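Okay, here's what each chain looks like letter by letter:
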Amino acid sequence: MTNGAIDRMTNGPTQPSEPYRRLLVTGGAGFIGSCYVRDVLARRDGTEITVLDKLTYAGNEANLAPVRDDPEQAARLRFVKGDIADREVVADLVGDVDAVLNFAAESHVDRSILDPEAFLVTGVIGVHVLLEACRTAAHRPRFLQVSTDEVYGSVPEGQSREDDLLAPRSPYAAAKTSGELLVRSYVVTHGVDAVVTRGSNTYGPYHHPEKLIPLFVTNAIDDKPLPLYGDGLQRRDWLYVSDHAAGIDHVLRHGRSGETYNVAGGVEMANRDTVTLLLKHLGKPWSLVRHVEDRPGHDRRYAMDGSKLAALGWRAETSFEDGLARTIDWFVANEPWWRAARSGDWDAYYERQYGQRLRTAT
Ligand SMILES: NC(=O)c1ccc[n+]([C@@H]2O[C@H](COP(=O)([O-])OP(=O)(O)OC[C@H]3O[C@@H](n4cnc5c(N)ncnc54)[C@H](O)[C@@H]3O)[C@@H](O)[C@H]2O)c1
């Protein structure tokens, strides 16, 4: 069993037999994609990465600063600002690589309820453009689609397995499910070499402050109210971001074409217990918490069975206590990063999402 980090056995010069030496990472300026890029370039000499990212409000080139700070790693990174739904750009980049990893997506469920269209364009049309480019490229690169446990819908009991019924309940989850189904169709119909990963709720450094953990950490630092949806008893299966990146890398290198793999965190927590731990670490009081009107269609519970990927030799290694402490400490130490992420249209978004909820909170 390898540990959660990108497989240490593969450190050092890339072997001539390494099939995935040149990678196209879409969405590589986002939260999980940038972690993947940082970890692979730091740990696997010889691997070259092209990042294709549209730099939406969630994309941030500063997430790749640790790579830029190391001249040897920087020389193996190329950044292209562009859209995965742009056929010409994509065809040009796919022509040059051994594998395409698609992290690009609109990723926030709340925004998919307010404004779903971009979710469909990137999550369906964008995935289709990438698949077409892989299908028509002479050397047939491997395609890896980064998907989510949210495709299973709410799971009242037990753990989701890869062949369970897909029952997405938000526009975000429906777009992710649609992307997966397109991948499956290209494997079956066109023989494209493709794999799918379904990751648990992910947390860690560089997480956009619109998401639960970084929102509550950054609000608590500023002694602002923490808007907790409903009773706060929704349960999530948490996965530390570098574990998620490593699980994806393991599937890229060892997954069977046409297969889907859960990348499970194995840490099930009620949201209010997560908030309790977070406030304790920061030394802030529970009185900051406001119970606000719940998200419509809010899934009560996610939980995934990780045994299929464990059988390939990988499982997550970071405990929630360690991962959460590392995450909070990173946000405390990187205030300019998250203050910049909370600029631009942040105030308008925050008011639209939480303004009325906070005014009627209990
Ligand atoms: N965050 C989680 O908890 C989680 C869990 C499981 C799966 N996932 C999946 O992992 C992937 C990455 O999630 P994240 O949390 O890092 O998201 P994120 O929002 O932080 O990053 C998404 C990135 O994609 C880029 N992007 C968006 N639309 C694009 C387009 N049309 N063309 C090119 N780039 C585009 C953005 O600029 C951004 O850099 C997503 O596919 C998401 O569905 C996320």
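Data block above holds the structure.
About the cut-offs
- Residues numbered from 1 in each chain as written.
- Predicted model: local features only at pLDDT ≥ 70, side-chain atom pairs only at ≥ 80, totals over all residues.
- Heavy atoms only, no water.
- Near = heavy atom within 4 Å.
- Polar contact = N/O pair within 3.5 Å; in protein donor to acceptor, adjacent residues only side chain to side chain.
- Areas by Shrake-Rupley, 256 points an atom, 1.4 Å probe, with all protein chains shown as cover.
- Helix = DSSP H or I, 4+ residues; strand = E, 2+ residues; numbered from the N terminus.
- Nonpolar A, V, L, I, M, F, W, Y, C, P; charged D, E, K, R; others polar.
- Pairing = 2+ DSSP bridges.
- Axes fitted to C-alpha atoms, helices over the stretch in contact; angles between N-to-C directions.

Caption draft 1: Here's a closer look at the site of the ligand. As a matter of local geometry, the ligand sits amid 29 residues, with I32, D53, S107, Y172 and K176 nearest to it. I84 is positioned such that a nitrogen or oxygen atom in its backbone is 3.0 Å from a nitrogen atom of the ligand. One nitrogen or oxygen atom from the side chain of S107 is found 2.6 Å from an oxygen atom belonging to the ligand. Here the ligand loses 97% of its free accessible area of 830 Å² to cover by the protein chains. For the shell around the ligand, the elements supplying multiple residues, two or more each, are α1 (31-43), β5 (142-148), α7 (171-190) and β7 (201-203). Residue composition of the shell around the ligand, by class: 11 nonpolar, 14 polar and four charged.

Caption draft 2: Up close: the sheet that holds strand β11 (residues 268-270). Strand order in the open sheet made by the three strands is β7-β9-β11, with mixed pairing throughout. Because the sheet does not close on itself, it has two edges, and the strands there are β7 and β11. Averaged over all pairs of adjacent strands, the angle between their axes in this sheet comes to 50°, without regard to strand direction. Sheet topology places strand β9 (residues 235-240) next to β11; three bridges connect them, and they run antiparallel. Among the inter-strand pairings, R235 is bridged to a residue of β11, identified as A270.

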